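Read off the chains here:
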Amino acid sequence: MLTIKQWLLCLDEMDRMFPDAHCELVHDNPFELTIATLLSAQCTDVLVNKVTKNLFQKYKTPEDYLAVPLEELENDIRSIGLFRGKAKNIQKLSQRLLDVYGGEVPANREDLVTLPGVGRKTANVVLSVAFGVPAMAVDTHVERVTKRLGLCRWKDNVLQVEETVMKKTPIEKWSKTHHQLIFFGRYHCKAQKPGCNECPLFDLCREGQKRMKKGLVTR
DNA sequence: ATCCCGAGGG
DNA sequence: CCCTCTGGAT
């Protein structure tokens, strides 16, 4: 496992690699970010942005999403995976926002996760990005990268990963670190082909050392 | 543990 | 062809 000092060195390096890592889901308000994040499940944000560009022109409010038949909304997001469930959840979420929250997205986790289609990960993204509340959303990239580096254990579940990353990271850096881990996972430490050969974090990385011993890395 | 589920890359 | 993508509900 990485020591705290080693982890802080990783953070320094990621500051150099991705000084302006940020949320790449295009949005103008908490409601749009909630929809975009819901749509981003098992889907690249490039695809989400392609869909929301038209979607957010057509639908501005929860009422707008409820004003069309489910099939129409499905068609409007069809190019995204899991479109049937996501369309249904968007309408149910819109209904609940109107019924319980006055049409506004709530700014706390307990209420957010009661929204259909919104789990802990999505809630943490909305909290952190839309409301500036410290949170750590653990997605596929954060999980893979922190486990490869050796900050977390391979058997950890997402909640354990979330707790470990928050515990080891200064709270004022949570948001930036979250996006840097995503950029690092998305553009460098990829699922299929981790770029160990040219990785600035190689000397700190447990998986890198393993791959080195296996002769998979040439440095 | 399993299902949902299309686009994009290798 | 196979794998992955800022997961959530059952």
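What you see is a predicted model; the values in this text were computed from it and never measured. (Residues numbered from 1 in each chain as written. Chains lettered and ligands numbered in written order. Predicted model: local features only at pLDDT ≥ 70, side-chain atom pairs only at ≥ 80, totals over all residues. Heavy atoms only, no water.)

**Focus on the overall build of chain A**
- Along its length, chain A carries 12 helices and 0 strands.
- Along the chain direction, N to C, the helices and strands of chain A fall in the order α-α-α-α-α-α-α-α-α-α-α-α.
- In terms of C-alpha radius of gyration, chain A reaches 19 Å, essentially the compact-globule figure of 17 Å for 219 residues.
- By principal-axis analysis of the C-alpha atoms, chain A measures approximately 60 × 30 × 30 Å.
- In chain A, which comprises 219 residues, the share counted as buried stands at 47%.
- The contacts of chain A with a sequence gap of at least 6 include a subset with a gap of at least 24, amounting to 58%.
- When the accessible area of chain A is evaluated, it comes to approximately 11,300 Å², of which 52% is carbon and sulfur surface. (Helix = DSSP H or I, 4+ residues; strand = E, 2+ residues; numbered from the N terminus. Rg over C-alpha atoms; globule rule 2.2 N^0.38 Å. Buried < 20%, exposed > 50% of the residue type's maximum accessible area, 1.4 Å probe, protein only. Contact = heavy atoms within 4.5 Å. Areas by Shrake-Rupley, 256 points an atom, 1.4 Å probe, with all protein chains shown as cover.)

**Let's talk about the domain arrangement of chain A**
- Along its sequence, chain A is carved into domain 1 (4–21 + 137–213) and domain 2 (30–131).
- With centres defined by C-alpha atoms, the gap from domain 1 to domain 2 works out at 28 Å.
- Contacts between the two partners involve 8 residues from domain 1, matched on the other side by 8 residues from domain 2.
- Across the domain 1/domain 2 interface, buried area totals approximately 580 Å², and carbon plus sulfur atoms make up 52% of it.
- The interface formed by domain 1 and domain 2 contains 2 salt bridges.
- Here the side of domain 1 that touches domain 2 gets 3 residues from one element, more than from any other, and that element is helix H11 (residues 174–187). (Domains from an automatic or database assignment. Buried area = accessible area lost by both parts, 1.4 Å probe. Salt bridge = Lys/Arg side-chain N within 4 Å of Asp/Glu carboxyl O.)

**A word on the environment of Gln91**
- Looking at where Gln91 falls in the secondary structure, it is placed in helix H6 (residues 83–100).
- By relative accessible area, Gln91 is classed as buried at 15%.
- Taking the C-alpha atoms as reference points, Gln91 and Val138, 47 residues apart in sequence, are found 25 Å from one another.
- Beyond its immediate chain neighbours, meaning those up to four positions away, Gln91 contacts Tyr65, Leu66, Val68, Pro69, Leu70 and Leu73.

**So, the packing of helix H2 (residues 30–39) against helix H3 (residues 45–58)**
- Between H2 and H3, the least distance of the axes is 10 Å, while the angle of their chain directions is 140°. What the angle tells us is that H2 and H3 run oblique. Here H2 runs over H3; the crossing is right-handed. Of H3, the residues touching H2 (which contributes Glu32, Ile35, Ala36 and Leu39) are Val48, Thr52, Leu55 and Phe56.
- Partitioned by chemical class, the residues of the contact of H2 with H3 number 6 nonpolar, 1 polar and 1 charged. (Axes fitted to C-alpha atoms, helices over the stretch in contact; angles between N-to-C directions. Parallel < 35°, antiparallel > 145°, perpendicular 65-115°, else oblique. Left-handed = near helix turned anticlockwise from the far one by under 90°. Nonpolar A, V, L, I, M, F, W, Y, C, P; charged D, E, K, R; others polar.)

**Quick notes on the protein's contact with DNA strand B**
- Lining the immediate environment of DNA strand B, one finds Gln42, Leu47, Lys50, Arg78, Ser79, Ile80, Gly81, Leu82, Phe83 and Arg84.
- Backbone atoms, meaning sugar and phosphate, form 62% of the atoms of DNA strand B found within 4 Å of the protein.
- Interatomic distance of 3.0 Å between a side-chain N/O atom of Lys50 and a phosphate oxygen of DNA strand B.
- Here a phosphate oxygen of DNA strand B and a side-chain polar atom of Arg84 are 2.9 Å apart.
- Those elements that provide at least two residues to the surface near DNA strand B are H3 and H6.
- Within the surface near DNA strand B, the residues separate by chemical class into 4 nonpolar, 3 polar and 3 charged. (Near = heavy atom within 4 Å. Polar contact = N/O pair within 3.5 Å; in protein donor to acceptor, adjacent residues only side chain to side chain.)

**What to know about the protein's contact with DNA strand C**
- Around DNA strand C, 28 residues are found, and the nearest of them are Asp45, Lys121, Thr122, His141 and Arg144.
- Taking all atoms of DNA strand C within 4 Å of the protein, the share assigned to sugar and phosphate is 65%.
- Within the backbone of Asp45, one N or O atom sits 2.9 Å away from a phosphate oxygen of DNA strand C.
- Between DNA strand C and Asp139 there is a distance of 3.1 Å, counted from a base oxygen to a side-chain nitrogen or oxygen.

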